Amino acid sequence: METWDAIRARRNTRAYVDRPIAPADLEQIVEAGRRAPSSMNEQPWDFIAVTERATLERMAALWQWGAHIAGAAAAVALLSPASGDPEDRETFAFDLGQAAMSMMLAAADLGIGSCHSSVGDQAEARAVLGYPEERECVLLLSLGYPVRPLTPIAKPDRRPLDEVMHRERW
């Protein structure tokens, strides 16, 4: 898929067919996250790729709207350093957001759907995923082949460009 087509086709996918993702494709998706830009190139992330059904089901319970993870072929947990500093937390969240979008676009390019989820309870997430105390799980991405295949969306449910784009000044 061309980049513009991947951007136009990507949507939050919450229903997946029962089909595994090839390990090379999962690695390519995570590699897209690794290559994402980050503040001062600090690359504050670690990624945990999960394909085991029991773990995916446990991950689905980490956020009230994370049920889509249970039916996914895989999920990626995006982790940052744990910090009480609001500026650090904001920077980490922005950087992981860029990594997440890079992964989601790489997935769309492969015909793989994705959806993001938050994490409510770090202690429970740590119990499920086994990451150290000095890290926290910022985002979860479910991945799988969508029930409704990805195709470029001609008329997305978005505000019109002329309503959101201002030229030179507001």
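In the block above lies the structure referred to throughout.
Residues numbered from 1 in each chain as written. Predicted model: local features only at pLDDT ≥ 70, side-chain atom pairs only at ≥ 80, totals over all residues. Heavy atoms only, no water.

Chemist: Honestly, the packing of aromatic side chains in this entry has me stumped. Any pointers?
Modeler: Aromatic ring pairs: the centre-centre distance and the angle between the two ring planes describe each pair. Scanning all chains against the criterion turns up two aromatic pairs. Ring centres of Trp45 and Phe47 lie 6.0 Å apart, and the angle between their planes is 20°; this geometry places the pair in the stacked category. Its relative accessible area of 8% is what places Trp45 among the buried residues. In this arrangement the basic side chain of Arg19 is found over the ring face of Tyr145, its NZ or CZ atom lying 3.6 Å from the centre. (Phe/Tyr/Trp six-rings, centres within 6.5 Å; stacked < 30°, edge-to-face > 60°. Buried < 20%, exposed > 50% of the residue type's maximum accessible area, 1.4 Å probe, protein only. Lys NZ or Arg CZ within 6 Å of the ring centre and 35° of its normal.)

Chemist: What should I look at first to understand helix 3 (residues 53–60) in this one?
Modeler: Residue pairs three or four apart in sequence face the same way in an α-helix, which turns once every 3.6 residues. Within helix 3 the residues assigned to the buried category are Thr55, Leu56, Met59 and Ala60. For helix 3, the angular spread of buried residues about the axis comes to 145°, placing them on one side. Contacts made by the buried residues of helix 3 are with strand 1 (46–50), strand 2 (74–81), helix 5 (122–129) and strand 4 (135–144). (Helix = DSSP H or I, 4+ residues; strand = E, 2+ residues; numbered from the N terminus. Arc of directions from axis to C-beta. Contact = heavy atoms within 4.5 Å.)

Chemist: Which parts of the structure should I look at to understand unusual backbone geometry?
Modeler: It is generally the case that most residues other than glycine have a negative phi and that most peptide bonds are trans. The phi dihedral of Asn41 falls on the positive side, at around 55°, and the residue is not glycine. Tracing the backbone through its elements, the reader meets Asn41 in the loop between helix 2 (23–34) and strand 1. A positive phi is found at Gln43, a non-glycine position, where the angle reads about 45°. Among the secondary structure elements, Gln43 is positioned in the loop between helix 2 and strand 1.

Chemist: What exactly am I supposed to notice about the pattern of salt bridges here?
Modeler: Pairing is possible between side chains that carry opposite charge, provided their charged atoms lie close to one another. Counted under the stated rule, the structure contains eight salt bridges. Salt-bridge contacts for Arg35 lead to Glu31; the nearest nitrogen and oxygen are separated by 2.7 Å. Assessed through its relative accessible area of 25%, Glu31 is described here as partly exposed. Among the ionic pairs, Arg135 bridges to Asp46, the shortest N-O distance being 2.6 Å. In this pair, Arg135 sits in strand 4 while Asp46 sits in strand 1, placing the two residues 89 residues apart along the sequence. (Salt bridge = Lys/Arg side-chain N within 4 Å of Asp/Glu carboxyl O.)

Chemist: Sorry, what's going on with the sheet that holds strand 4 here?
Modeler: Strand pairs in the sheet, formed through backbone hydrogen bonds, run parallel or antiparallel to each other. Across the sheet, four strands lie side by side as 1-2-4-3; this open sheet has antiparallel pairing. Lying at the two open borders of the sheet, with one neighbouring strand each, are strand 1 and strand 3 (113–117). Across the sheet, the mean angle separating the axes of adjacent strands is 25° when strand polarity is ignored. One ladder, built from eight bridges, connects strand 2 with strand 4; its direction is antiparallel. Looking at strand 4, one finds that Leu79 is bridged to Cys137. Relative to strand 1, helix 2 is tilted by about 165°, and along the sheet it contacts strand 1, strand 2 and strand 4. (Pairing = 2+ DSSP bridges. Axes fitted to C-alpha atoms, helices over the stretch in contact; angles between N-to-C directions.)

Chemist: Where do I start with the nonpolar core in this structure?
Modeler: The tendency in soluble globular proteins is for nonpolar side chains to be buried side by side. Ranked by size, the top nonpolar core spans 21 residues in total, and within it Ile21, Val76, Leu78, Met103, Ile112 and Leu143 carry the most contacts. Broken down by secondary-structure element, the contributors of at least two residues to this core are helix 2, strand 2, helix 4 (86–109) and strand 4. In terms of residues, this core owes the most to one element, helix 4, which gives six residues. With near-sequence residues (within four places) excluded, Val76 lies in contact with Leu26, Val30, Phe47, Ile48, Ala49, Met103, Leu139, Leu140, Leu141 and Leu143. (Core = buried A, V, L, I, M, F, W, Y, C linked by side-chain atoms within 4.5 Å.)

Chemist: What is the right way to read the layout of surface pockets from this model?
Modeler: Empty space among the atoms can be located by rolling a probe the size of a water molecule over them. In this structure, the largest pocket spans a volume of roughly 410 Å³. Together, 14 residues line the largest pocket, and Ile7, Arg10, Ile153, Pro156 and Arg158 are the ones closest to its centre. Secondary-structure elements contributing two or more residues to the lining of the largest pocket are helix 1 (3–9) and helix 4. Here the element with the most residues in the lining of the largest pocket is helix 1; it accounts for three residues. (1 Å grid on protein atoms, 1.4 Å probe; cavity = no way out; pocket = protein on both sides within 12 Å on 5 of 7 lines; lining within 4 Å. Points joined across faces, edges and corners; volume = space filled by probe spheres on them.)

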